[in-house]
Amino acid sequence: MAPKRSEAPLRAESPADMRILGLTRVETKGDSGKKLEVFLELRNSSGEQLRTPARFLFEMYKYQPRSSEPAGQRLQIWDPVEVTRDDLAGGGGYWLTFLEAYSFELDLGGYAGRVGDYLLQVTCFTADGRRLTDTLRLKNP
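Our subject in this report is the structure included herewith. Computed from a prediction, not measured in an experiment: that's the story for all the values here. (Residues numbered from 1 in each chain as written. Predicted model: local features only at pLDDT ≥ 70, side-chain atom pairs only at ≥ 80, totals over all residues. Heavy atoms only, no water.)

1. Some details on the packing of aromatic side chains
Applying the stated criterion across every chain yields a total of six aromatic pairs. Ring geometry for Trp95 and Tyr102: centres 5.2 Å apart, planes at 85°, overall edge-to-face. Exposure remark for Trp95: the relative accessible area of 2% places this residue in the buried category. Exposure remark for Tyr102: the relative accessible area of 0% places this residue in the buried category. Taken together, the ring pairs in this structure connect Phe56, Phe58, Tyr94, Trp95, Tyr102 and Phe104 into an aromatic cluster. Above the plane of the ring of Phe125 lies Arg55, whose end atom (NZ or CZ) is 4.5 Å from the centre. Over the ring of Tyr118 we find Lys62; its NZ or CZ atom is 5.2 Å from the centre of that ring. (Phe/Tyr/Trp six-rings, centres within 6.5 Å; stacked < 30°, edge-to-face > 60°. Buried < 20%, exposed > 50% of the residue type's maximum accessible area, 1.4 Å probe, protein only. Lys NZ or Arg CZ within 6 Å of the ring centre and 35° of its normal.)

2. Topic: the pattern of salt bridges
Inspection of the entire model under this criterion finds seven salt bridges. Where Arg25 meets Glu27, a salt bridge forms, and the shortest distance between an N and an O atom there is 2.9 Å. As a salt-bridge pair, Glu59 and Arg74 come within 2.8 Å of each other at their nearest N and O atoms. Placement of Glu59 in strand 5 (residues 54-63) and of Arg74 in strand 6 (residues 71-77) is noted, with a sequence separation of 15 residues between them. (Salt bridge = Lys/Arg side-chain N within 4 Å of Asp/Glu carboxyl O. Helix = DSSP H or I, 4+ residues; strand = E, 2+ residues; numbered from the N terminus.)

3. Side note on unusual backbone geometry
With phi around 55°, Glu100 is a residue other than glycine that occupies positive phi space. Within the secondary structure, Glu100 sits in the loop between strand 8 (95-96) and strand 9 (101-107). Glu100 gets classed as buried once you look at its relative accessible area, which sits at 7%.

4. Quick word on the environment of Arg85
Looking at the secondary structure, you find Arg85 in helix 1 (residues 85-88). According to the relative accessible area criterion, Arg85 is partly exposed, its value standing at 41%. Residues Arg85 and Thr52, 33 residues apart in the sequence, show an inter-C-alpha distance of 7.1 Å.

5. A closer look at the side chain of Thr24
One can find Thr24 in the loop between strand 1 (17-20) and strand 2 (25-28). Here Thr24 falls in the buried class, since its relative accessible area comes to 8%. Polar side-chain contacts of Thr24 include one of 3.1 Å to the backbone nitrogen of Phe39. (Polar contact = N/O pair within 3.5 Å; in protein donor to acceptor, adjacent residues only side chain to side chain.)

6. Some points on the nonpolar core
The biggest cluster of nonpolar side chains holds 27 residues, and the ones touching the most others in it are Val38, Leu40, Phe56, Phe58, Tyr102, Phe104 and Val122. Looking at this core, the elements with two or more residues in it are strand 1, strand 3 (34-43), strand 5, strand 7 (81-83), strand 9, strand 10 (117-126) and strand 11 (131-139). The residues contacting Phe58, other than those within four sequence positions of it, are Val38, Leu40, Gln76, Ile77, Trp78, Val81, Phe104, Leu106, Gln121 and Val122. (Core = buried A, V, L, I, M, F, W, Y, C linked by side-chain atoms within 4.5 Å. Contact = heavy atoms within 4.5 Å.)

7. Here we look at the environment of Asn44
Along the chain, the position of Asn44 falls in the loop between strand 3 and strand 4 (49-50). Separated by 29 residues in sequence, Asn44 and Pro15 place their C-alpha atoms 4.6 Å apart. One polar contact links the side chain of Asn44 to the main-chain amide nitrogen of Ser46, over a distance of 2.9 Å. Side chain to side chain, Asn44 and Glu48 meet in a polar contact 2.9 Å long.

As structure tokens, then:
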């Protein structure tokens, strides 16, 4: 029997890295239209997953293939999401205990039905003032 994996502890430690997980996808949510489900993980300098308060900014850009700068025109920017210690206490809010990652649901608005590739850029502002960024290409959301 495999040993039980413990949940990432709630820490005051600052993350060294952020990654948008490949589980990120566009999904239809009943009558409310299409939503972008974003899954993120934060890791410390030792590579351990962290559960820590932070502020997240989400932006979507038109993808420009064969370009030195693949992020073209910015199509959408969402209001920043502040994840507090209270949001993370007990595994509730934006934290998925089974995945040991953050989960966010964003309304796609006017871009829900358009064909094309996009870049999702997420910026994390840590409690100690650092900025971590990652980008993921979304194909034909």
